[in-house]
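# Inside the fold
One-letter residues, chain by chain:
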Amino acid sequence: MAQLAVSVAGLSLRNPLLSASGTFGHGLEMRHVVAPSLVGALVSKTVTPRPRPGNAMPRIQETEAGLLNSIGLENRGMQSYLDTTLPEVAGADTVIITNIGGETEQEFAEIAAAFDGRPEIDAFELNLSCPNVDGGALPYSTDPKTAERVVASVRAVTRKPLFAKLSPNVTRIEDIAVACERGGADGLTAVNTVLGMSIDWRTGRPGLGTIVGGYSGTAIKPIALRCAWQCARAVSLPVLGCGGVRCAEDVLEFLAVGCSAVQVGTANFGEPGLLARMPAELDRLLDDAGFASVEDLIGSVRGGSRAEVPG
Ligand SMILES: Cc1cc2nc3c(=O)[nH]c(=O)nc-3n(C[C@H](O)[C@H](O)[C@H](O)COP(=O)(O)O)c2cc1C
């Protein structure tokens, strides 16, 4: 039996498998399909200070190799999360990471402060892909200074572990990673969705109501892997890999490039019970390859000269 437990930013996870925000409910909605005791941690959908209805329909479109979405952070707001979701997750036999978002630095700090005293929450994940209304509506994740400030504003109001969730839609993700480390993050999540769109050329109608949305699933794995590797090299913080994971082999690839744990998102829609069967598969694969523990594999990426100009 390989040792699957990992310690990440002070959290003890029984295995390196996490749900990805927005793909596995807000609280314990999925408990009858995947027992919480089987996963390292559950990550909530993004909670914002006030309720959000989300974007205009259609908001989901399946493509050949992934999923386009423009949900628009639909959620019932922080009061509902405090009153309804948190009492439900109390006593869940796993680590709970609450993903939070806001339209201003103050909103991020407001929601973190409101949640800080709640023992059901073990850690925060900051959705830096939220548009910064004070900054011309560009996402926080696209500018190092803005990213650093929003992380610092949350750091100032909580001592719970903070994971800054980064966007792949930037030129140099390592600069954003370093800025988040400076702002006081305890870890990073790499990455959120890749910008994409689709269109019906006969009607001229885009697949999403917002035209442009977030692309996720199998096709983005190489992008996510590259981003996670660049982040892991740039900072001394633990990195949670995320993007395109659909099997235990994929999880092990993210660990090998330096991630401490891995999130599973879009693949849950195709197979809701996926996370329940992954721990045994991880164990078997590690055992077969002669690794005594997950920790032995983390960051084992080797060699190769770095191409300055790919292609
Ligand atoms: C339908 C859907 C909703 C999502 N909602 C959120 C969200 O509320 N907050 C967030 O930080 N990421 C959200 N994400 C992004 C995922 O957490 C994840 O970062 C991304 O989908 C890449 O991983 P995957 O390829 O395994 O899905 C969402 C993704 C999808 C497909």
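The following paragraphs examine the structure supplied in this document. (Residues numbered from 1 in each chain as written. Predicted model: local features only at pLDDT ≥ 70, side-chain atom pairs only at ≥ 80, totals over all residues.)

## A short note on the site of the ligand
The environment of the ligand is formed by 26 residues, the closest being A20, G22, S216, G265 and T266. Its residues assigned to classes, the shell around the ligand shows 9 nonpolar, 15 polar and 2 charged. (Near = placed C-beta within 6 Å. Nonpolar A, V, L, I, M, F, W, Y, C, P; charged D, E, K, R; others polar.)

## Description of the sheet that holds strand 6 (residues 67-69)
What holds strands together in a sheet is hydrogen bonding between their backbones, with the strands either parallel or antiparallel. Sheet architecture is open: 4 strands sit in the order 5-6-14-11, paired in antiparallel fashion. This sheet does not close on itself; its edge strands, each paired only once, are strand 5 (60-62) and strand 11 (194-197). Here the average twist between neighbouring strands, direction ignored, is 35°. (Pairing = 2+ DSSP bridges. Helix = DSSP H or I, 4+ residues; strand = E, 2+ residues; numbered from the N terminus. Axes fitted to C-alpha atoms, helices over the stretch in contact; angles between N-to-C directions.)

## Quick word on the nonpolar core
Generally speaking, soluble globular proteins have nonpolar side chains that are buried together. The biggest cluster of nonpolar side chains holds 91 residues, and the ones touching the most others in it are A164, L188 and A228. The contact partners of L188, leaving out residues within four places of it in the chain, are F163, A164, L166, A177, C180, C231, V235, L237, V239 and L240. (Core = buried A, V, L, I, M, F, W, Y, C linked by C-beta atoms within 7 Å. Buried ≥ 20, exposed ≤ 12 C-beta atoms within 10 Å, placed from the backbone. Contact = placed C-beta atoms within 7 Å.)

## Quick word on helix 8 (residues 274-288)
Counting along an α-helix, one turn takes 3.6 residues, and residues three or four places apart therefore face a common direction. Compared with the 21 Å implied by 1.5 Å per residue over 15 residues, the 21 Å span of helix 8 between its first and last C-alpha is a close match. When the local axis directions of helix 8 are compared, the greatest deviation, roughly 25°, occurs at A280. Contact partners of the buried residues in helix 8: strand 3 (17-19), helix 6 (248-256), strand 16 (261-264), helix 7 (267-270) and helix 9 (294-297). (Expected span 1.5 Å × (residues − 1). Bend = angle between axes of the 7 residues up to and from the residue.)

## Regarding helix 1 (residues 78-89)
Taken residue by residue, helix 1 has M78, Y81, T85, L86 and V89 as its buried positions. In a view along the axis of helix 1, the buried residues occupy a sector of 100°, so they form one face of it. For helix 1, exposure combined with an orientation more than 90 degrees from the buried face picks out D83, T84 and P87. Directly after helix 1, the chain includes G91, whose backbone phi takes a positive value near 80°. (Arc of directions from axis to C-beta.)

## What to know about the packing of helix 2 (residues 105-116) against helix 3 (residues 144-155)
In contact at an axis separation of 8 Å, helix 2 and helix 3 are set at 30° when each is read in the N-to-C sense. On the basis of the axis angle, helix 2 is roughly parallel to helix 3. In this structure, helix 2 meets helix 3 at a crossing whose hand is right-handed. For the pair helix 2 and helix 3, the contacting residues are E105, F108, A109 and A112 in the first and R149, V150, S153 and V154 in the second. Taken together, the residues of the contact of helix 2 with helix 3 break down into 5 nonpolar, 1 polar and 2 charged. (Parallel < 35°, antiparallel > 145°, perpendicular 65-115°, else oblique. Left-handed = near helix turned anticlockwise from the far one by under 90°.)

## Some details on the pairing of strand 10 (residues 187-190)
Burial along strand 10 is two-sided: G187 and T189 and L188 and A190, pointing in opposite directions, are all buried. In terms of strand pairing, strand 9 (residues 162-166) meets strand 10 through 4 bridges, oriented parallel. Among the inter-strand pairings, A164 is bridged to a residue of strand 10, identified as L188. Since strand 9 and strand 10 lie parallel, the crossover through helix 4 (residues 173-183) that links them has a hand, and here it is right-handed. Direction of pairing for strand 10 relative to strand 15 (residues 239-242): parallel, over a ladder of 3 bridges. Each residue of the ladder has a partner; that of T189, found in strand 15, is L240. (Right-handed = clockwise from strand over helix to strand, strands pointing away.)

## So, unusual backbone geometry
With an omega dihedral of -10°, the bond running from M57 to P58 counts as a cis peptide bond. The linkage connecting A190 with the following residue, V191, adopts the cis geometry, with an omega of 15°. The residue V191 is located in the loop between strand 10 and strand 11 in this model. Although it is not a glycine, L73 adopts a positive phi angle of roughly 55°. Position of L73 relative to the elements: it lies in the loop between strand 6 and helix 1.

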